[in-house]
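Observations on the model geometry
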Amino acid sequence: MTPASRSRRPLLIANWKMNGLHADGIERARALAAHVGGAEAIDGDIVVCPPATLLFALRAVFAGSGVALGGQDCHAQAEGAHTGDVSAPMLSDAGCSHVIVGHSERRAGHGEGDEQVAAKAAAAHAAGLTAIVCVGESAADRDAGHALTVIGRQVGGSLPEGAAPANTVVAYEPVWAIGTGRTPGPADIEAAHRQVRAGWERRFSGGGDALRVLYGGSVSARNAGEILAVPGVDGVLVGGASLSADAFWQICQACR
Ligand code: PGA
């Protein structure tokens, strides 16, 4: 095994989005921690990104379990007059090691562009967090034959100076696949991941071999095995299916 492939240990991320009150969040986290602590260990890293309100409670549940915590977004500033926002140091303080930035629901719903995403990723790095930078084309981009161009542009613009495979993960999430039950075929996923790595190589003059690139968008227990077997796919970012500890654990097991 080369050093590059060793550093590309599978990464399985649960993105709960805006779902979960205290009681059900704790219950789901406990169920996942029980799976992870059971006999069927997996060869991969697991990160759960709950709503910010649950971070401190889940830190206690996951303590010693090997499950890491992540935020779903962070502000580009470390503190200040930004009502409603959460900063990267706050996430770190709450026990996070990771944070998602540039999710398409932030790009579309909050008007975030590549420059802002790069600033958020830089803030994550400054706080010692691993940035999970999301990119992905819309249905219109794909229909127009521009998918790879859009992916390349987003990768080029959304990664800050100082990004490295040790502090950054890129998640390829086609917008049209998120929450729809539709996924690209294996050849399209492979091409997109190759494009992400090529964009990284252009941006940083190398190093793409060690970069973990994840797929996200309608990953389920049914399709996870096929997706994780696609060359260049180093893990998955799971939304809807991660709201069931059992379904998410089945997805995790697909990387064994
Ligand atoms: P989904 O969401 O798994 O529900 O499609 C993935 C994501 O948005 O990260």
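This part covers the sheet that holds strand E6 (residues 168–172). Strand order in the closed barrel made by the eight strands is E1-E2-E3-E4-E5-E6-E7-E8, with parallel pairing throughout. When the angles between neighbouring strand axes are averaged without regard to direction, this sheet yields 25 degrees. Alignment of strand E3 (residues 68–71) against strand E4 (residues 96–101), held across three bridges, turns out to be parallel. Across the sheet, Gly 71 pairs through a bridge with Val 99, a residue of E4. Sheet strands in contact with helix H11 (residues 245–253) are strand E1 (11–15), strand E2 (45–49) and strand E8 (235–238), and its direction is about 160 degrees off that of E1.

Okay, the environment of Arg 182 next. In this structure, Arg 182 sits in the loop between E6 and helix H9 (186–204). Here Arg 182 falls in the partly exposed class, since its relative accessible area comes to 49%. Taking the C-alpha atoms as reference points, Arg 182 and Ala 124, 58 residues apart in sequence, are found 31 Å from one another. When residues no more than four places from it in sequence are discounted, the contact partners of Arg 182 are Trp 176, Ala 177, Gly 217 and Ser 218.

Attention now goes to the site of the ligand. Near the ligand lie 13 residues; those nearest to it are Lys 17, His 103, Glu 173, Gly 179 and Ser 218. Here an oxygen atom of the ligand sits 2.7 Å away from a polar atom, N or O, in the main chain of Gly 179. Ser 218 is positioned with one of its backbone polar atoms (N or O) 2.7 Å from an oxygen atom of the ligand. Here the ligand, which alone exposes 280 Å², has 95% of that area covered by the protein. Its residues placed into classes, the shell around the ligand shows four nonpolar, seven polar and two charged.

Let us now look at the layout of surface pockets. Reported here for the largest pocket is a volume of approximately 520 Å³. In terms of lining residues, the largest pocket is bounded by 20 residues, among which Lys 17, Met 18, Gln 72, Asp 73 and Arg 106 are the most central. Among the residues forming the lining of the largest pocket, the class breakdown is eight nonpolar, seven polar and five charged.

Under the 1.5 Å per step criterion, the end-to-end length of helix H8 (residues 147–158) is 16 Å for twelve residues, consistent within 8% with the ideal 16 Å. Where H8 is buried, its residues contact helix H5 (104–109), helix H6 (114–126), strand E5 (130–135), helix H7 (139–143), E6 and H9.

Another aspect to go through is the side chain of Arg 197. Mapping Arg 197 onto the fold places it in helix H9. On the basis of relative accessible area, Arg 197 is assigned to the buried category, the value being 13%. Ignoring anything within four residues of it in the chain, the contact list for Arg 197 reads Arg 8, Gly 208, Asp 209, Leu 211, Val 213, Gly 232 and Asp 234.

Calculation criteria
- Residues numbered from 1 in each chain as written.
- Predicted model: local features only at pLDDT ≥ 70, side-chain atom pairs only at ≥ 80, totals over all residues.
- Heavy atoms only, no water.
- Pairing = 2+ DSSP bridges.
- Helix = DSSP H or I, 4+ residues; strand = E, 2+ residues; numbered from the N terminus.
- Axes fitted to C-alpha atoms, helices over the stretch in contact; angles between N-to-C directions.
- Contact = heavy atoms within 4.5 Å.
- Buried < 20%, exposed > 50% of the residue type's maximum accessible area, 1.4 Å probe, protein only.
- Near = heavy atom within 4 Å.
- Polar contact = N/O pair within 3.5 Å; in protein donor to acceptor, adjacent residues only side chain to side chain.
- Areas by Shrake-Rupley, 256 points an atom, 1.4 Å probe, with all protein chains shown as cover.
- Nonpolar A, V, L, I, M, F, W, Y, C, P; charged D, E, K, R; others polar.
- 1 Å grid on protein atoms, 1.4 Å probe; cavity = no way out; pocket = protein on both sides within 12 Å on 5 of 7 lines; lining within 4 Å.
- Points joined across faces, edges and corners; volume = space filled by probe spheres on them.
- Expected span 1.5 Å × (residues − 1).

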